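# Results of the structural survey
The chain contents come next:
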Amino acid sequence: MAVPVDYGDLEFTRPADKIKAVNVPDVPKEIFTGMKAYEDAARGFDVYGFERTAKTSTGEPGEVPGSIFLSHRPEDAQVSQVYRISTNPANTELERLTHFNIGTGRIISTFRSIAGEDWRGVYRPGGAIMSMDFNGNEHFQLWRYWEDALCEQVLPKIDGELDNAPGKGRIERVTHDDYRYNNIVVSPSNQLMAFVSNKENNTDTLAYLTRLIGSNTGATSDSTPFSLSSKLVTPLLRDGKTERWVTRSISVDDKYLLLTRAYGNAYQPMFVVDISGSEPGKLERITLPGATEREEATIARGSFSLDPANPHVAYIITNSYGDFDSVVSYDIDQRTVTHITTPNLGASVPVLKPIAWEVGHLGVTDACVYFTANVEGWSTLYAMPLNGPNTNTVIEVKLGWEGGWIAYSHNGRNGRPHELVFRLASHRARGFVRRATLDLQTLKHSPDGNAYIDVELTPYVQAAAPEVAKAVAPKLIKFRSFDGLEVPALYYHPNEGKSKAPVVIGIHGGPESQATVQYRTATHGYLLNELGIAVIYPNVRGSSGYGRKYMSADDVEKREDAVKDINALIDYIGSGLSGELDPSRIAVMGGSYGGYMVFGTLTHYSSKLKCGVANFGIGNWVTFLENTAPVRRANRRLEYGDESDPVIRAFLERISPLNNAEKISVPLFITHGETDTRVTVHEAVAMYKIVRGTPGGQAQLVICEGEGHGYKQKSVIEYVNAATIDYLKRFLLS
């Protein structure tokens, strides 16, 4: 945090663990009771990925044949924990691996499986490299998770080792500072590991390389802690711009490292560096041949082929050839490109399968390439075989479910490239875990000639979140904004529009994010089923998923055009949806950038609203940019504007909700994490004081201890959700 927050004369109550509340009445017990089923349904499972098959130092198979690592918050735990399940769905054991509790909303951002390492002079097979902070502040450190049962030599207890009892795994910290470490990339050979950190100067995020095998760290097999050594791969360019590197992939022959330099969310060129020598080589920028778009407005991210016969072919997602992110392959040696999904190139340019939607979630094995297409907030999975009778055929993978958001991991690192584990999220529940093995040999074809396969999913019954009794499916709607722009939204009605319902407009963060069909927070189902409140999630201009032009339509001076989109939705509720929704009972709710949107909407359109809920939202653009973590500031300036420029600063001050807060004439509920380094808690406290101090102003404030940008602790999640429900009952339904 840049400056300690001054709470002044605020009088806090403590209605729950880790909660400081101001002017918040007691939440009725029956709300907590009624929310329990929805809270349980929201505690779904996330998939870290397949566990690498562990081997002993002699190369013999170990005791772990390659399972699946999951993340899940059990009912009795304050924060999420790591679990292991067998790849075989017939084995229904759910093994909890982590048990430690450090009393905060700590975040495990990465749990990357490795085959082993020798950092302490002895070989420790299996386990993972973990990136974790202490209290939600995102100062992620690197940790080593391993299990003694696989080791030929058991290490003594290491000073500072986490107490993970009764788990059989052990966790050792291997970086010991207050910087950030992330983007862990492990080479296919398991010889090398790359990552990024701001340890050089706290501002620039640079790339580093270390060895897993043959590491020669100097550490020994005793109880003394050690700090992981590494080589700098991206020396400071000193070009006057903050550097933010992202490590992407290491080639199968350990020769190249693929990286992206992220100037902002809309400008991310790709680089390659030779790492085969004793010292990293010179960075080389990848310029895709025939690119049609302005370089400063394009992105590229990718992964190397795992095929030893084509070690320097990279599969890249880029919008260098049009408005949408598409998949291409690029041969680094030959400097040639093959278009896989690029649309709208014309008949003279061969494309395997043009897809006019954003493509993402790239997965590369030695046998096939996987990716998903984002179609209006619903995912479609594709596979492209790299060998066999259907080589280079883009095949739609139909999963035979109700449809929703698809996340997957492949088991290619263990030699099973067609084995996938899915985390499927839909309106029914959050985090179904399913397995499938794809047969890409025998294809079906739709009437328009598109190739597809039908896949039978096998559930992991031990990793299934309970479903709520009633799950409302969304309907895609679109409305016109003030300038004619068509804005999409996902619309949920409690009784299929049979009667007029009050409505909550839920606004996503980012702003380069998107409201998709994924199951929402616990409050979503309660609003629909228990209170009869409809919910609409608009994807206002600036959202991702609809192409580069749409995503940039709110940049800098166009910031408040997104707020006008919400006004257009409010008006549409009163016209196009007036038979289904009550335009006299509308609330706005959002978090992060969505919190700003709540503040901004209330300052302009309070007369059309009943109330608002803002979670960890931006109140003043200038103080936000000045106080946000130094590693993020340059990136955010590209989106929001540079507050050090006097002209832009004056503009940002003029549109900041905090400077217009006296215009808010309806009740406002504010929550914020006390250790948030993205949007510091100053924003919430300042907004509360102004609104509360305005004649007739009504505001409530909740400060969440040990929480960063988003809430991770059980006590915090459950209290904030219940207090939000109580607030909406009192001010939206009254």
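Because the structure is predicted, anything quoted here is derived from the model rather than measured.

### Some remarks on the pattern of salt bridges
Working definition: two side chains of opposite charge can pair if their charged atoms are close together. As enumerated under the stated definition, the model contains 47 salt bridges in all. In this structure, Glu172 engages Arg120 in a salt bridge whose closest nitrogen and oxygen atoms are separated by 2.6 Å. Placement of Glu172 in strand E11 (residues 169-173) and of Arg120 in the loop between strand E7 (116-117) and strand E8 (124-125) is noted, with a sequence separation of 52 residues between them. Each member of the pair, Glu172 as well as Arg120, is classed as buried. The closest approach of N and O atoms between Arg730 and Asp726, which form a salt bridge, is 3.3 Å.

### A closer look at the sheet that holds strand E41 (residues 699-704)
One open sheet holds the 9 strands; their spatial order is E1-E41-E40-E39-E38-E36-E37-E35-E34, and the pairing between them is mixed. Edge strands, defined here as strands with exactly one partner in the open sheet, are strand E1 (19-22) and strand E34 (475-480). Geometrically, the sheet is characterised by an average inter-axis angle of 20 degrees between neighbouring strands, direction not taken into account. Across 5 bridges, the pairing between strand E38 (residues 581-591) and strand E39 (residues 611-615) is parallel.

### What about the environment of Asp178?
Summarising the element assignment, Asp178 is placed in the loop between E11 and strand E12 (181-186). Expressed as a C-alpha distance, the spacing of Asp178 and Phe140, which sit 38 residues apart in the sequence, is 8.1 Å. Among residues more than four places away in sequence, those in contact with Asp178 are His139 and Gln141.

### Digging into the packing of helix H2 (residues 522-529) against helix H10 (residues 714-731)
Running from amino to carboxyl end, H2 crosses H10 at an angle of 30 degrees, the nearest separation of the two axes being 10 Å. The orientation of H2 with respect to H10, classified from their angle, is roughly parallel. H10 is crossed by H2, and the crossing has right-handed handedness. Between H2 and H10, the residues in contact are Ala522, Thr523, Tyr526 and Leu527 and Asn721, Ile725 and Leu728, respectively. In terms of residue class, the contact of H2 with H10 is built from 5 nonpolar, 2 polar and no charged.

### So, the nonpolar core
In globular proteins that are soluble, nonpolar side chains generally tend to be buried together. Within the largest apolar cluster, 64 residues are counted, with the highest numbers of intra-cluster contacts made by Ile536 and Leu668. Aside from chain neighbours lying at most four places away, what touches Leu668 is Val598, Phe599, Leu602, Gly612, Ala614, Met687, Val691, Gln698, Ala699, Gln700 and Tyr727. The next biggest cluster of nonpolar side chains, apart from the first, holds 43 residues, and it includes Ile19, Phe669, Val716 and Leu732.

### Focus: the packing of aromatic side chains
Applying the stated criterion to the full structure yields 26 aromatic pairs. Judged by centre distance (5.5 Å) and plane angle (40 degrees), the ring pair of Tyr48 and Phe111 falls under tilted. A residue pair is termed long-range when its members are at least 10 positions apart, and Tyr48 in strand E2 (residues 45-50) and Phe111 in strand E6 (residues 108-113) qualify at 63 residues. Ring pairs connect the aromatic residues Tyr593, Tyr596, Trp621, Phe624 and Tyr640, which therefore count as one cluster. Sitting over the ring of Tyr208, Lys199 keeps its end group 4.5 Å from the ring centre. When the ring centre of Trp621 is taken as reference, the NZ or CZ atom of Arg559 above it lies at 5.8 Å.

### Describing the environment of Ser305
Mapped onto the elements, Ser305 comes out in the loop between strand E20 (300-304) and strand E21 (313-318). In sequence terms Ser305 and Ala469 are 164 residues apart; their C-alpha atoms lie 45 Å from each other. Contacts of Ser305, omitting those with residues within four sequence positions, involve Val252, Asn310, Pro311, Val313, Tyr315 and Val364. One polar contact links the side chain of Ser305 to the main-chain amide nitrogen of Asp307, over a distance of 2.9 Å. A distance of 3.5 Å separates a polar atom in the side chain of Ser305 from the backbone oxygen of Asn310.

What counts as what
- Residues numbered from 1 in each chain as written.
- Predicted model: local features only at pLDDT ≥ 70, side-chain atom pairs only at ≥ 80, totals over all residues.
- Heavy atoms only, no water.
- Salt bridge = Lys/Arg side-chain N within 4 Å of Asp/Glu carboxyl O.
- Helix = DSSP H or I, 4+ residues; strand = E, 2+ residues; numbered from the N terminus.
- Buried < 20%, exposed > 50% of the residue type's maximum accessible area, 1.4 Å probe, protein only.
- Pairing = 2+ DSSP bridges.
- Axes fitted to C-alpha atoms, helices over the stretch in contact; angles between N-to-C directions.
- Contact = heavy atoms within 4.5 Å.
- Parallel < 35°, antiparallel > 145°, perpendicular 65-115°, else oblique.
- Left-handed = near helix turned anticlockwise from the far one by under 90°.
- Nonpolar A, V, L, I, M, F, W, Y, C, P; charged D, E, K, R; others polar.
- Core = buried A, V, L, I, M, F, W, Y, C linked by side-chain atoms within 4.5 Å.
- Phe/Tyr/Trp six-rings, centres within 6.5 Å; stacked < 30°, edge-to-face > 60°.
- Lys NZ or Arg CZ within 6 Å of the ring centre and 35° of its normal.
- Polar contact = N/O pair within 3.5 Å; in protein donor to acceptor, adjacent residues only side chain to side chain.

Interpretation note: all reported values are geometric properties and have no functional meaning in isolation.
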